[in-house]
Amino acid sequence: QVQLVESGGGLVEAGGSLRLSCAASGRTFRTYAMGWFRQAPGKEREFVAAITWSAGTTYYAEPVKGRFTISRDNAKNTVYLQMNSLKPEDTAVYDCAADPRYISGTYALRIPMHYRTWGQGTQVTVSS
């Protein structure tokens, strides 16, 4: 059974930076891609970024383009989310996800329900 463990959240002032990590453990960890999502109070979970495991192709949500960078270390089974120029509206619980489903000939990496494995979440709070 694969488990995802996130770390790196915390409280930061607007304009600051944080780096989130998500480490996958398990005897046979395989995934086409990993993604980061976030959920603010009273809002639905939303896509932040994703990266394909083999090629390292990246995808970003518009609100974080140019500020966040997703990367992975295949040897460590770990994905990272470097968050720069943080804004108060980035405040949320951030979750990483793995093992997206292959549906109708594609992987819909921006859709949370397509992922089968999730971490426990880490809180990111950006003060103004």
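For the structure, see preceding data.
Residues numbered from 1 in each chain as written. Predicted model: local features only at pLDDT ≥ 70, side-chain atom pairs only at ≥ 80, totals over all residues. Heavy atoms only, no water.

A word on the side chain of Arg38
We count it as follows: A run of DSSP states H or I qualifies as a helix once it reaches four residues; a run of E qualifies as a strand once it reaches two. Both are numbered from the N-terminal end. Within 3.5 Å is the distance limit for a polar contact, defined as a pair of N or O atoms, with the added protein rule that one can donate a hydrogen and the other accept it, and that residues adjacent in sequence qualify only through two side-chain atoms. It only takes one pair of heavy atoms within 4.5 Å for two residues to be counted as in contact.
Mapped onto the fold, Arg38 is located in strand S4 (residues 33–39). A polar contact of 2.6 Å, which involves the side chain of Arg38, links it to the side chain of Glu46. Within polar-contact distance, the side chain of Arg38 engages the side chain of Asp90 at 2.9 Å. The contacts of Arg38, once residues within four sequence positions are left out, are Glu44, Arg45, Glu46, Val48, Pro63, Val64, Phe68, Glu89, Asp90, Ala92, Val93 and Tyr94.

A closer look at the state of the cysteines
The cut-off we apply is this: Throughout, disulfides are identified as pairs of cysteine sulfur atoms within 2.5 Å of each other.
Considering all chains together, one arrives at one disulfide under this definition. Here Cys22 engages in a disulfide with Cys96; their sulfurs sit 1.9 Å apart. The sign of the S-S torsion, about 50°, decides the handedness of the disulfide formed by Cys22 and Cys96: right-handed. Separated by 74 residues along the polypeptide, Cys22 in strand S3 (residues 18–25) and Cys96 in strand S9 (residues 92–100) bring together distant segments of the chain.

Things to note about unusual backbone geometry
Positive phi, normally seen in glycine, also occurs at Asn77, with a value near 50°. Assignment of secondary structure puts Asn77 in the loop between strand S7 (68–73) and strand S8 (78–83).

Regarding the environment of Val12
Cut-off, in case you're wondering: Residue burial is assigned from relative accessible area. The probe radius is 1.4 Å, only protein chains are included, and a residue is buried under 20% of its type maximum, exposed over 50%, and partly exposed in between.
Structurally, Val12 is set in strand S2 (residues 10–13). Accessibility expressed as a relative area gives 13% for Val12, which makes it buried. Note: C-alpha distance between Val12 and Thr125 (113 residues apart in sequence) is 6.3 Å. When residues no more than four places from it in sequence are discounted, the contact partners of Val12 are Ser17, Leu18, Leu86, Thr125, Val126 and Ser127.

Comments concerning the nonpolar core
Applied cut-off: Side-chain atoms within 4.5 Å are what join buried Ala, Val, Leu, Ile, Met, Phe, Trp, Tyr and Cys residues into a set we call a nonpolar core.
Core analysis: the biggest nonpolar cluster contains 36 residues, and Trp36, Leu81, Met83 and Tyr94 have the highest contact counts within it. For this core, the secondary-structure elements that each account for two or more residues are S3, S4, strand S5 (46–52), S7, S8, S9 and strand S13 (122–127). In contact with Leu81, not counting residues within four places along its chain, are Leu18, Arg19, Leu20, Trp36, Val48, Ala49, Phe68, Thr69, Ile70 and Tyr94.

Quick look at the sheet that holds S8
For clarity, the cut-off: The pairing criterion for strands is at least two bridges between them, as found by DSSP. Inter-axis angles, ranging from 0 to 180 degrees, are taken between N-to-C directions of lines fitted to C-alpha atoms, where helices are fitted over the stretch in contact.
If you walk across this open sheet you meet the four strands as S1-S3-S8-S7, and the pairing is antiparallel. Strands with a single pairing partner mark the edges of an open sheet, and in this sheet they are strand S1 (3–7) and S7. Between one strand and the next, the sheet's axes are offset by a mean angle of 15°, whatever the strand orientation. Note: S7 against S8, six bridges, orientation antiparallel. Bridge pairing in S8 places Asp73 opposite Thr78.

Details of the layout of surface pockets
To keep it simple, the criterion reads: The way it works is a 1 Å grid over only the protein atoms, where trapped points that fit a 1.4 Å probe form a cavity and open points with protein on both sides within 12 Å along at least five of seven lines form a pocket, and then any residue with an atom within 4 Å of a point lines it. Grid points are joined across faces, edges and corners, and a volume is the space filled by probe spheres set on the points. Three categories are distinguished: nonpolar for Ala, Val, Leu, Ile, Met, Phe, Trp, Tyr, Cys and Pro, charged for Asp, Glu, Lys and Arg, and polar for the others, with Gly belonging to the last.
As a volume, the largest pocket reaches approximately 160 Å³. Forming the boundary of the largest pocket are 13 residues, of which Arg38, Ala40, Lys43, Glu46 and Glu89 lie nearest the centre. The class makeup of the residues in the lining of the largest pocket is three nonpolar, two polar and eight charged.

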